[in-house]
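Chain residues, written in single-letter form:
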Amino acid sequence: MNSETSFKRPALLAAVLIVLIALPTIADATGYSALTSLATRILIYGIAAASLNLVLGYGGLVSFGHAAFFGIGGYVVGILYQHYSLEEPLFGFIPGTNQMLITLPAAILISGLAAAAIGALSLRTGGVQFIMITLAFAQMLFFLFVSLKTYGGDDGLIIRRTNELPGLNMRDKHTVYYVCLVITAAFFALLWRIVNSRFGNVLVGLRQSEKRMAAIGLPAYRYRLMAFIISGMGCGLAGALMANFLRFASPDMMHWTKSGELMVMVILGGVGTLFGPLIGAAVFIVLETTLASWTENWQLALGFILLFVVLYTHGGVQALVLRLAHRPENRNRFSESTMRRFKVLERPLRVRKDARRSNGKR
Amino acid sequence: MTLFLEQLLNGVQFGVMLFLMAAGLTLIFGIMGVINLAHGSIYMIGAYAGTFVATETGSFWLGIPAALAAAALAGVVIEFLVVRRLYGRDHLDQVLATFGLILIFNQAVTMLFGRQPLFVQMPSILDGSVELLPGLSYPIYRLTIILVGLLVAFGLYLLINRTRIGMLVRAGSTNREMVRALGVDVRLLYTLVFGLGALLAGLAGFMAGPILAVQIGMGEQILITTFVVVVIGGVGSIRGAFFASLILGIVDTGLRAYLPGLLRQVMVGPEADALGAGISSMGIYLLMAIVLLIRPKGLFIRNS
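Conventions we followed
- Residues numbered from 1 in each chain as written.
- Chains lettered and ligands numbered in written order.
- Predicted model: local features only at pLDDT ≥ 70, side-chain atom pairs only at ≥ 80, totals over all residues.
- Heavy atoms only, no water.
- Helix = DSSP H or I, 4+ residues; strand = E, 2+ residues; numbered from the N terminus.
- Buried < 20%, exposed > 50% of the residue type's maximum accessible area, 1.4 Å probe, protein only.
- Contact = heavy atoms within 4.5 Å.
- Areas by Shrake-Rupley, 256 points an atom, 1.4 Å probe, with all protein chains shown as cover.
- Lys, Arg positive; Asp, Glu negative; His and termini not counted.
- Charge placed at Lys NZ, Arg CZ, Asp CG, Glu CD.
- Phe/Tyr/Trp six-rings, centres within 6.5 Å; stacked < 30°, edge-to-face > 60°.
- Polar contact = N/O pair within 3.5 Å; in protein donor to acceptor, adjacent residues only side chain to side chain.
- Nonpolar A, V, L, I, M, F, W, Y, C, P; charged D, E, K, R; others polar.
- pLDDT = per-residue confidence, 0-100.
- 1 Å grid on protein atoms, 1.4 Å probe; cavity = no way out; pocket = protein on both sides within 12 Å on 5 of 7 lines; lining within 4 Å.
- Points joined across faces, edges and corners; volume = space filled by probe spheres on them.
- Patch = residues over 30% accessible without salt bridge, like charges linked within 9 Å, V, L, I, M, F, W, Y side chains within 5 Å.
- Salt bridge = Lys/Arg side-chain N within 4 Å of Asp/Glu carboxyl O.
- Expected span 1.5 Å × (residues − 1).
- Core = buried A, V, L, I, M, F, W, Y, C linked by side-chain atoms within 4.5 Å.

Describing the overall build of chain A
Working step 1: For chain A, the helix and strand inventory stands at 16 helices and two strands.
Working step 2: In chain A, which comprises 362 residues, the proportion classed as buried is 52%.
Working step 3: A fraction of 75% describes how many contacts in chain A between residues 6 or more apart in sequence connect residues 24 or more apart.
Working step 4: Accessible area for chain A stands at about 16,700 Å²; split by element, carbon and sulfur atoms hold 64% of it.

Right, here's the structure in full:
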């Protein structure tokens with residue numbers, strides 16, 4: 001529902017897009033040229049967070065290991081570049097490359113394969129076990145890359161030059177920004193299609209009631225696995241872009257705190273909304289940058305902000321803004337999120353009992 | 001043979017440390033349904049408070065009550081201010097709120113003690129080794145840890161199975177709603193359980209001090225391993241946590257001790273060491289993945 005409303009406001013969307021297109025020019029004109037790289041990072045993390053949101057928000061599956069796919073995407077770019085610059089093929093027959101038209105699809109493909117393997121195993125469990133097993137797989141990959149001395153081990157891989165795109169000067173920061181912007185726009189358009197498709201509806205239905213979906217005759221496991229794979233591919237794409245932007249890939253990209261940060265972005269923006277994760281990524285990165293410039297103890301402030309958001313705002317910054325503005329549509333969303341919290345949708349016959357219990361708690 | 005026995009003892013010692021952490025975590029999981037990432041922070045608080053007092057007063061023994069008190073206090077405060085609001089919320093909120101707590105505690109400890117790791121001198125009685133078997137001498141301190149861990153395990157067994165509080169804990173982990181309906185003050189029970197878990201984590205943190213460095217991030221390292229223990233043992237099962245801790249401790253230590261050597265026979269020295277270290281770090285996660293695939297609820301939970 002939220003995603004629809006987001007697109008029902010084409011004027012707002014167009015305005016945001018125009019600002020994003022004009023951003024590098026504005027940044028240079030006002031003298032804040034660092035703004036462009038900040039915006040590039042926001043776009044990239046926005047893709048990663050939105051991918052995570054597909055399983056987390058729409059699918060209701062709390063994956064604590066999505067940094068693994070982010071890191072895999074980065075390492076695909078890094079490893080292909082290393083073999084390109086050393087001019088020795090990978091495994092003896094795959095030539096390295098520095099062409100973005102090859103590295104990005106390769107990163108998406110490999111992270112999709114990894115997500116298929118990890119998802120196929122993890123989705124056999126649920127609840128706490130699912131959180132922990134996704135974390136475990138991410139840790140496994142983290143330690144694997146730490147121990148691969150050929151690819152830099154602990155220190156990571158330096159990519160001397162950003163991948164090439166035919167006809168573009170990729171050494172220019174602005175060009176990299178626009179490439180990321182185009183990819184982000186395409187990605188969100190695709191995500192919008194997915195979320196509003198039959199597949200997206202089934203996914204949300206599975207979150208609300210697996211039993212009901214099973215009764216209709218839909219295979220929960222297959223739908224969830226598909227969502228997990230798409231989500232892994234999105235994170236891989238983001239990782240590949242990040243490796244290109246930073247010209248660096250390291251095990252830190254798949255550290256478990258990175259998975260945590262992606263989740264923080266999702267919840268900051270609003271779980272289960274289309275553009276929420278992008279807003280969340282923006283809030284997170286801007287917060288991190290400004291807090292870090294004020295004090296070296298920025299993590300303390302970030303921790304408190306996170307606690308506040310989780311404990312007192314239901315639905316992240318987006319919902320908070322809407323609530324402050326007293327929008328009637330928001331009131332509807334609120335009652336729904338409350339209903340979801342008490343799982344009324346799952347057991348309609350016990351609505352009364354559940355409501356009474358929740359009253360008794362307070 | 002003596003090397004093998006020594007590694008086995010090292011594994012058991014690591015295992016009981018894990019158990020001290022896992023016991024609290026599994027109870028909190030099982031009874032309150034809360035994923036508490038901040039459990040590692042409590043371990044760190046215990047280590048820092050104990051080490052600080054021990055260094056200031058010059059007495060290792062005074063560090064113990066300091067560590068226990070600081071950890072239990074931190075636990076009760078966390079429960080009262082944050083975790084209490086998370087009961088009944090979904091796992092995502094719990095993970096994120098306690099992730100926020102980790103950031104806060106790590107930064108607060110950095111501000112108080114700086115980034116340099118602290119070291120604590122162990123008391124002279126526990127310094128040195130004893131000869132257990134001819135040719136096998138083992139540090140007294142590590143033996144003490146094993147002993148303390150086993151005593152705590154036995155104490156917990158008595159507490160859970162022989163006392164009224166233990167009965168409530170068992171009842172709470174089976175059917176929370178029923179316990180509340182019968183008029184038990186569940187809030188107090190929750191705070192007690194959380195405090196007990198924190199106390200054990202603090203003890204583990206302080207005992208780890210002389211072996212490992214007391215530093216920022218020490219909590220997260222052991223936390224993730226502890227999660228593996230809890231999940232393998234089965235969420236909510238103390239018995240499961242105990243056996244899973246020992247298994248993981250031994251497997252992890254064994255891999256680290258023997259794998260690089262085995263790899264060195266097929267590869268070049270330094271690369272074998274790096275790969276061996278990497279694979280042995282992966283070992284426990286691999287074990288967890290296998291266990292979950294065979295028994296999704298953990299080893300010691302009966303399948304319903």
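What follows continues from the structure just given.
Comments concerning the overall build of chain B
Working step 1: Per the secondary structure count, chain B includes 11 helices and two strands.
Working step 2: Counting from the amino terminus, helix and strand elements in chain B follow one another as α-α-α-α-β-β-α-α-α-α-α-α-α.
Working step 3: Along the first, second and third principal axes, the C-alpha atoms of chain B reach 60 × 50 × 35 Å.
Working step 4: A separation threshold of at least 6 residues defines the contact pool for chain B, and within that pool the share at least 24 residues apart is 76%.
Working step 5: Carbon and sulfur atoms provide 67% of the accessible area of chain B, an area that totals close to 13,100 Å².
Working step 6: Each charge class in chain B was averaged separately, 17 positive and 13 negative side chains, and the resulting centres sit 14 Å apart.

A few points about the packing of aromatic side chains
Residues and elements named next belong to chain B.
Working step 1: On inspection of all chains with the given rule, the structure shows 23 aromatic pairs over all chains.
Working step 2: Considering the side-chain rings of Y48 and F113, the 4.9 Å spacing of their centres and the 40 degrees angle between planes classify their relative orientation as tilted. In this pair, Y48 sits in helix α2 (residues 39–57) while F113 sits in helix α4 (residues 91–113), placing the two residues 65 residues apart along the sequence.
Working step 3: Overall, the relative accessible area of 27% leaves F113 in the partly exposed class.
Working step 4: Chaining the aromatic ring pairs together yields one cluster made of F60, W61, Y141 and F206.

Structural notes on the interface of chain A and chain B
Working step 1: Listed by partner, the interface residues are 46 residues for chain A and 43 residues for chain B.
Working step 2: Joining chain A to chain B, the criterion identifies four residue pairs in polar contact (both at pLDDT 80 or more).
Working step 3: Residue assignment for the side of chain A that touches chain B shows that the elements contributing at least two residues are α6 (127–147), α11 (256–269), α13 (298–312) and α16 (351–361) of chain A.
Working step 4: Looking at the side of chain A that touches chain B element by element, the count peaks at 14 residues for α6 of chain A.
Working step 5: A breakdown of the residues in the side of chain A that touches chain B according to their chemical character gives 28 nonpolar, 11 polar and seven charged.

A word on the side chain of N53 of chain A
All names here are of chain A.
Working step 1: Within the fold, N53 resides in helix α3 (residues 34–58).
Working step 2: Among the polar contacts listed, one links the side chain of N53 to the backbone nitrogen of G272, at a separation of 3.0 Å.
Working step 3: Look past the residues within four positions of N53 in its chain and what remains in contact with it is Y58, V266, V271, G272, T273 and P277.

Here we look at the confidence of the model for chain A
Residue and element names in this part refer to chain A.
Working step 1: With 84% of its residues at a pLDDT of 70 or more, chain A shows a mean pLDDT of 83.
Working step 2: For the stretch residues 1–6, pLDDT sits under 50, and the model shows 12 contacts to residues farther than four places along the chain or on other chains.
Working step 3: This model gives residues 328–335 a pLDDT under 50, and the stretch forms 11 contacts once residues within four places in sequence are excluded.

A closer look at the layout of surface pockets
Working step 1: By volume, the second largest pocket amounts to about 1,400 Å³.
Working step 2: Those elements that provide at least two residues to the lining of the second largest pocket are α6, α11 and α13 of chain A together with α1 (2–32), α4, α9 (218–233), α10 (238–264) and α11 (269–294) of chain B.
Working step 3: Residue contributions to the lining of the second largest pocket peak at six residues, all from α9 of chain B.
Working step 4: Per-class residue counts for the lining of the second largest pocket are 22 nonpolar, 13 polar and seven charged.

Some points on the environment of R239 of chain B
Working step 1: Within the secondary structure layout, R239 of chain B lies in helix α10.
Working step 2: On the basis of relative accessibility, which here comes to 53%, the residue R239 of chain B falls in the exposed class.

Thoughts on a nonpolar patch on the surface
Residue and element names in this part refer to chain B.
Working step 1: Taken together, the side chains of M1, L3, F4, L8, I250 and Y258 make up a nonpolar region of the molecular surface, amounting to roughly 570 Å² of accessible area.
Working step 2: Counting residues per element, the ones that place at least two in the nonpolar patch are α1 and α10.
Working step 3: For the nonpolar patch, the leading source of residues is α1, giving three residues.
Working step 4: Along the chain, F4 turns up in helix α1.

A word on the pattern of salt bridges
All names here are of chain B.
Working step 1: Overall, the coordinates contain five salt bridges over all chains when judged by the stated rule.
Working step 2: Two residues, R84 and E79, come together in a salt bridge whose shortest N-O distance is 3.4 Å.
Working step 3: The salt bridge involving R89 is made with D93; its shortest N-O contact spans 2.9 Å. Taken individually, R89 and D93 each receive the classification buried, so the pair is uniform in this respect.

Considering α2 of chain B
Residues and elements named next belong to chain B.
Working step 1: With 19 residues, α2 should reach 27 Å at 1.5 Å per residue; the first-to-last C-alpha distance of 27 Å fits that figure.
Working step 2: Most of α2 is tucked away, with 14 of its 19 residues classed as buried.
Working step 3: Following α2 by one or two positions, G58 has its phi on the positive side, about 80 degrees.

Some remarks on the nonpolar core
Working step 1: Membership of the largest hydrophobic core comes to 211 residues, with the highest contact counts inside it found for M132 of chain A together with M32, I35, L37, Y43 and M288 of chain B.
Working step 2: With 16 residues, the top contributor of residues to this core is α1 of chain B.
Working step 3: Ignoring anything within four residues of it in the chain, the contact list for L37 of chain B reads F64 of chain A together with V95, T98, F99, I102, L223 and F227 of chain B.

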